[in-house]
Amino acid sequence: MIREKDSELKTMTENVEKMRHITQELVADGRNEADSASPAHCIKAIKMECDEGYFNTYSHFGIHHEMLSDHVRTSSYRDALLHNTALWKDKTVLDLGCGTGILSMFAASAGAQKVIAIDQSDIIYHAMDIARENKLSDKIQLLKGRIEDTELPQKCVDIIVSEWMGYFLLFEGMLDSVIYARDHHLTEGGLLLPNRCSISMIGLADTDRHAELVEFWTDVYGYRMTCLKHEVVQEATIEVVPANKVITSTCVLTELDLSTCSTSSLDFSSELKLEAITDGSITAFVGYFDVFFDLPRPVSFSTGPHATPTHWKQTVFLLEEPIIVQQGDVLTGTVTCQRARRDVRALSVTISVPGRKLKFNLT
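Residues numbered from 1 in each chain as written. Predicted model: local features only at pLDDT ≥ 70, side-chain atom pairs only at ≥ 80, totals over all residues. Heavy atoms only, no water.

Going by what an unreviewed UniProt entry lists, the protein chain is known as type I protein arginine methyltransferase and is assigned to Cryptotermes secundus. UniProt's Catalytic activity (unreviewed entry) comment on the protein chain is quoted here verbatim: "L-arginyl-[protein] + S-adenosyl-L-methionine = N(omega)-methyl-L-arginyl-[protein] + S-adenosyl-L-homocysteine + H(+)". (UniProt positions renumbered as here; feature names shortened; annotations may be inferred.)

With twelve residues, helix H4 (residues 71-82) ought to run about 16 Å at 1.5 Å a step, and its terminal C-alpha atoms sit 15 Å apart, in line with that. In terms of burial, H4 is largely enclosed, as nine of its twelve residues are buried. (Helix = DSSP H or I, 4+ residues; strand = E, 2+ residues; numbered from the N terminus. Expected span 1.5 Å × (residues − 1). Buried < 20%, exposed > 50% of the residue type's maximum accessible area, 1.4 Å probe, protein only.)

Before going further, it helps to examine unusual backbone geometry. Pro194 follows Leu193 through a cis peptide bond whose omega is -5°. Structurally, Pro194 is set in the loop between strand E5 (186-193) and strand E6 (196-204). The backbone of Lys135 shows a phi angle near 55°, a positive value even though the residue is not glycine. Locating Lys135 in the fold gives a position in the loop between helix H6 (123-133) and strand E3 (140-144). Look at Lys313: it is not a glycine, yet its phi comes out positive at around 55°. In this fold, Lys313 is placed in the loop between strand E11 (299-302) and strand E12 (314-325).

Right, let's talk about the pairing of E11 for a bit. Going residue by residue along E11, you find Val299 and Phe301 tucked away on one face and Ser300 and Ser302 left uncovered on the opposite face. Inspection of the sheet shows strand E10 (residues 280-293) paired to E11 by four bridges, in the antiparallel sense. Within E11, the residue paired with Val291 across the bridge is Phe301. Here E10 hands over to E11 after five residues, the two strands then running antiparallel side by side. (Pairing = 2+ DSSP bridges.)

Counting 93 residues, the largest nonpolar core has Phe168, Leu170, Leu175, Leu272, Phe285, Phe317 and Ile351 as its most contacted members. Tallying contributions element by element places helix H5 (residues 102-109) first for this core, with six residues. Residues lining this core come from more than one domain, with at least three contributed by each of domain 1 (17-22 + 38-163) and domain 2 (197-362). The next biggest cluster of nonpolar side chains, apart from the first, holds eleven residues, and it includes Ile202, Ala284, Val286 and Leu318. (Core = buried A, V, L, I, M, F, W, Y, C linked by side-chain atoms within 4.5 Å. Domains from an automatic or database assignment.)

Quick look at the structure:
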């Protein structure tokens with residue numbers, strides 16, 4: 001009898017312990033979900049040693065050649081600065097994530113009294129050489145560091161300029177650093193450039209590309225690998241899509257005012273509404289962004305498929321099974337974008353349309 005009671009007590013204890021573990025896991029998951037939308041779940045919360053990998057990617061010359069060679073990108077910043085010189089006269093400018101220092105040099109040439117340029121990657125040492133080579137060392141002060149961890153030579157600046165945009169606008173999470181700089185270093189009434197951005201989505205009918213990337217797995221040297229289809233389409237791809245393959249209207253998902261947005265702006269949920277402009281099969285949803293410099297002489301550019309291609313290209317969300325539409329059909333749903341749970345610089349995007357809930361990763 002005693003042994004039976006001991007056995008029952010042991011079983012009850014084990015069950016209680018299992019329930020305790022399950023409860024802890026549920027609470028932990030809830031905290032993770034809450035953290036993904038909280039200010040603490042942002043770049044400032046990452047220890048520098050855990051963030052070095054991101055900055056190391058910008059220590060290589062190839063990526064800077066790609067960005068500087070992007071005429072749409074670089075000339076837009078140039079025009080915004082050099083065509084509005086009255087705004088920069090005698091002003092102090094912060095160039096956040098300066099890279100080679102091209103924006104700093106534009107600002108100095110536009111009449112800024114002083115430019116503070118900061119970058120955590122090792123490219124900063126070459127930017128110092130570039131400033132000296134162009135005889136701008138007296139105007140441009142270059143600092144190595146992450147804005148969240150670095151004390152600037154002066155507390156506040158009049159203007160912040162930064163090329164912070166990533167794929168699908170928000171990938172890499174550099175918007176967090178821009179917001180930190182705005183809240184801690186921009187004078188009241190100061191200027192932040194660019195000052196406005198938007199993210200849009202369209203429907204694409206490119207059956208040839210779909211066959212290359214998705215149907216490919218149906219027959220691989222005579223073997224079936226269809227089990228990979230579902231996994232493959234969850235990885236968003238970055239490529240220039242042909243404009244003549246766009247078969248829907250455009251839907252603006254979200255708009256950001258850089259003077260008021262917060263770190264939680266990276267997490268959003270928006271209505272999706274696309275009207276088919278011709279008959280066809282939607283093989284992918286495609287995301288892109290537009291950038292605006294609302295100045296006396298305004299400048300803007302688009303990374304969409306109907307515009308001149310940029311190094312950002314477009315973000316393609318492939319469908320495992322295409323959606324057949326006829327001209328005039330309206331496809332409705334929602335698009336949800338969130339920071340990835342384990343990497344605040346990555347994104348998780350969910351597109352929900354009737355009968356489907358599609359999840360994608362940008363990592």
